[in-house]
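Each chain, written out:
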Amino acid sequence: MSYDTIIRGGRWFDGTGAPSAVRTLGIRDGHVAVITDGDLDETGCPHVIDATGKWVLPGMLDIHTHYDVEVLGGPSLAESLRHGVTTVMLGSCSLSTVYVDGADAGDIFGRVEAIPREHVIAAVGQHKTWSNGEEYIAALEARPLGPNVAAFLGHSDMRAATMGLDRATRDDERPTKSEQAQMERMLIEALRAGFVGMSSQQLLFDKLDGDVCRSRTLPSTYAKARELRRLKSLLRRSNRILQSGPDIQNPFNIGSQVFQSLGFVRNPLKTSLLSAADVKSNPVAVKLLGPLARLANRLGGNFRWQHLPVPFEVYADGIDLVIFEEFGSGAAALHLRDEVERNALLRDEDYRRAFRKDYDAKFGMRVWHRDFFDAEIVGCPDATVIGKSFGQVGRDRGGLHPVDAFLDLVLEHGAALRWRTTISNHRPEVLKKLAADSGIQMGFSDAGAHLRNMAFYNMGLRLLRHVQDSARAGQPFMTIEQAVHRLTGELADWYRIDAGHLRVGDRADVVVLDPERLDATLDAYAEETVDQYGGLSRMVNRNDDTVNAVLVGGRAVFLDGAPTPLVGVQRTGRFLRAAHKAPASVTNQEDLARVG
């Protein structure tokens, strides 16, 4: 029998955590047709991949992205494909584009996710033809999707579209009975269409862009108990998922978010919470996260923390970085879009005094550790400061407070001042414990957002490197099979989508990678322009020798680090509906011949 693609002699992982083995895979009509320890007849097969010495694993899942805008005008999502990610999740953090119009989408996405507001407005305004979840799915599948897509419905999306963005972001406003019923109808329709659940957000330093509602928090943060309870009840009844971000300054909110997953006299609420991280600002808190999740699950809940399994390193141009939103003086600067006004504020001594007070505060939950000695300048017109911290620059300038050194450099150079710091996940031994914890799932890449601030598109490869390096050093913390399972089948099974496995009959979403190139290239800094965002240069990852081939639905989308002619031209991925078996795209023999 003939095959569309044969992957010969690689170390095959099925995504379940079962032992790997050297096998040859035959792919036909978008599915795995055969897995054998012998040879397959290659006669008439247009595409044969020699995987000797390579790993062959299911395509990885990225469960936390903000591709909702990019997928409209750039549906190939090639920055994820090139690193072996074949399924991405949209609609995180209460943000989606199912119901809001372009202007509201610009206000909601622009500042929170650092995607230029004008491009958000243009993309949604130009492409939106849908008015509900089913039509949204059809619109995505009419595009040349690269990876598969699954989605949450965003609570802020529903709330803004139902109440209007202004009313939806006022403390003294509640949805009327008819508005509450409308949001419930929206969610029911989306769940029936196959959305994996609803995302909400209670974190208070995510701020809106625009003019009318500028610097208010996201609409979902204004929802009260009754509104949330009624929406969550729909998720409980359908066994779908709540993704949420707690108010980290309110320990009660964090605890309630964990234990709301408990059932007792009702169905458990599957809950995915942001996020499990070894934050520098509070090195003790991470010790509580795993036990808290395991306790909730022992009591009958179904709870997971999301976790980025690599150091959380961020870059910034001047003062434009979301971490400054979490305290008053930082938020005050980011509130001002006009550069002249902002610079006047940064010069003001009263403002600087307030910034120093916020910086020096020792108590309270926070994301940023607020240590300018732990922030390296990597680009600046003044070459004498490159490679130094802001704290060191302050010392060099006569003992200036680190805040004053930072603000002086921002005033001198604006966005030409580029710097970096690592906020969390800086201790390899702690990362090992988090990666192996059953109450934690791999995610939180934020792919498609914070374009100038971070790049974690290859986080799965970096976890595999950590596992392999530890094993080679005689200090294993999990097997390669377990690591592959955590990045593939475990996630697909929990979210109930047809992905993450590589067995006979499964859709052929496949990654072939070279384990000897799981090396330092995974950490290298790189940038690439985004055409649909006016040529904006964004941070990316480039490790093209690591991934040898990526297939989606049996069709090659990347070979030897380069996209095939299919990418951005023909659809290879599809929308994965929760709890549905997804057929593969129809294979076109001419396309296979072209890329083979």
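Residues numbered from 1 in each chain as written. Predicted model: local features only at pLDDT ≥ 70, side-chain atom pairs only at ≥ 80, totals over all residues. Heavy atoms only, no water.

Asker: Can you tell me about the overall build of the protein chain, naming the residues and giving the values?
Answerer: Broken down by element type, the protein chain carries 21 helices and 22 strands. Its C-alpha radius of gyration of 24 Å places the protein chain within 12% of the 25 Å reference for a compact globule of 596 residues. Taken over the C-alpha atoms alone, the protein chain extends approximately 80 × 60 × 50 Å along its principal axes. A burial count over the protein chain gives 62% of its 596 residues as buried. Of all intrachain contacts in the protein chain linking residues separated by at least 6 positions in sequence, the fraction that spans at least 24 positions is 75%. For the protein chain, the exposed surface amounts to about 21,600 Å²; the carbon and sulfur share of it is 51%. If the 70 positive side-chain charges of the protein chain are averaged to one point and the 77 negative ones to another, these points end up 7 Å apart. (Helix = DSSP H or I, 4+ residues; strand = E, 2+ residues; numbered from the N terminus. Rg over C-alpha atoms; globule rule 2.2 N^0.38 Å. Buried < 20%, exposed > 50% of the residue type's maximum accessible area, 1.4 Å probe, protein only. Contact = heavy atoms within 4.5 Å. Areas by Shrake-Rupley, 256 points an atom, 1.4 Å probe, with all protein chains shown as cover. Lys, Arg positive; Asp, Glu negative; His and termini not counted. Charge placed at Lys NZ, Arg CZ, Asp CG, Glu CD.)

Asker: How would you explain the environment of Val567 if you had to name every residue and give the values?
Answerer: Turning to its location among the elements, Val567 is positioned in the loop between β22 (562-563) and α21 (589-595). Residue Val567 is classed as buried on the basis of its relative accessible area of 18%. Counting along the chain gives eleven residues from Val567 to Ala556, while the straight-line C-alpha distance between them is 9.0 Å. Not counting residues within four places of it along the chain, the set of residues in contact with Val567 comprises Ser76, Ala78 and Val557.

Asker: Please set out unusual backbone geometry residue by residue, giving values where relevant.
Answerer: Following Leu274, the chain continues into Ser275 via a peptide bond in cis, with omega recorded as -20°. Inspection of the secondary structure assignment puts Ser275 in the loop between β11 (270-273) and α11 (286-298). A positive phi is found at Ala114, a non-glycine position, where the angle reads about 55°. Tracing the sequence through the fold places Ala114 in the loop between α3 (102-109) and α4 (117-127). A relative accessible area of 29% means that Ala114 is categorised as partly exposed. The phi torsion at Asp446 lies on the positive side, around 60°, for a residue other than glycine. When you line up the elements, Asp446 lands in the loop between β16 (440-442) and α18 (459-472).

Asker: Outline the domain arrangement of the protein chain, listing residues and values.
Answerer: Partitioning the protein chain into domains gives domain 1 (5-58 + 510-593), domain 2 (61-313 + 424-496) and domain 3 (316-423). Relative to domain 2, the C-alpha centre of domain 1 lies at a distance of 25 Å. The interface of domain 1 with domain 2 comprises 55 residues on the first partner and 58 residues on the second. Roughly 4,900 Å² of surface becomes buried between domain 1 and domain 2 when both sides are summed, with 56% attributable to carbon and sulfur atoms. Scanning the region where domain 1 abuts domain 2 turns up ten salt bridges. Its salt-bridge partner being Arg577, residue Glu134 comes within 2.8 Å of it at the nearest N-O pair. Applying the counting criterion to the domain 1 and domain 2 interface returns 40 residue pairs in polar contact (both at pLDDT 80 or more). Looking at the side of domain 1 that touches domain 2, the elements that each hand over two or more residues are β5 (55-58), β17 (510-513), β18 (526-530), β19 (536-540), β20 (547-552) and β21 (555-559). It is β19 that provides the largest number of residues to the side of domain 1 that touches domain 2, a total of five residues. When grouped by side-chain class, the residues that make up the side of domain 1 that touches domain 2 number 28 nonpolar, 15 polar and twelve charged. (Domains from an automatic or database assignment. Buried area = accessible area lost by both parts, 1.4 Å probe. Salt bridge = Lys/Arg side-chain N within 4 Å of Asp/Glu carboxyl O. Polar contact = N/O pair within 3.5 Å; in protein donor to acceptor, adjacent residues only side chain to side chain. Nonpolar A, V, L, I, M, F, W, Y, C, P; charged D, E, K, R; others polar.)

Asker: Outline the sheet that holds β16, supporting the account with residue identities and numerical values.
Answerer: Backbone hydrogen bonds are what pair the strands of a sheet, in a parallel or an antiparallel way. Within the open sheet, the eight strands sit side by side as β6-β7-β8-β9-β10-β11-β12-β16. Their pairing is parallel. In this open sheet, the two edge strands, each paired with only one partner strand, are β6 (60-62) and β16. In this sheet, adjacent strand axes meet at a mean angle of 30° when their direction is disregarded. With three bridges joining them, strand β12 (residues 303-307) and β16 adopt parallel strand pairing. (Pairing = 2+ DSSP bridges. Axes fitted to C-alpha atoms, helices over the stretch in contact; angles between N-to-C directions.)

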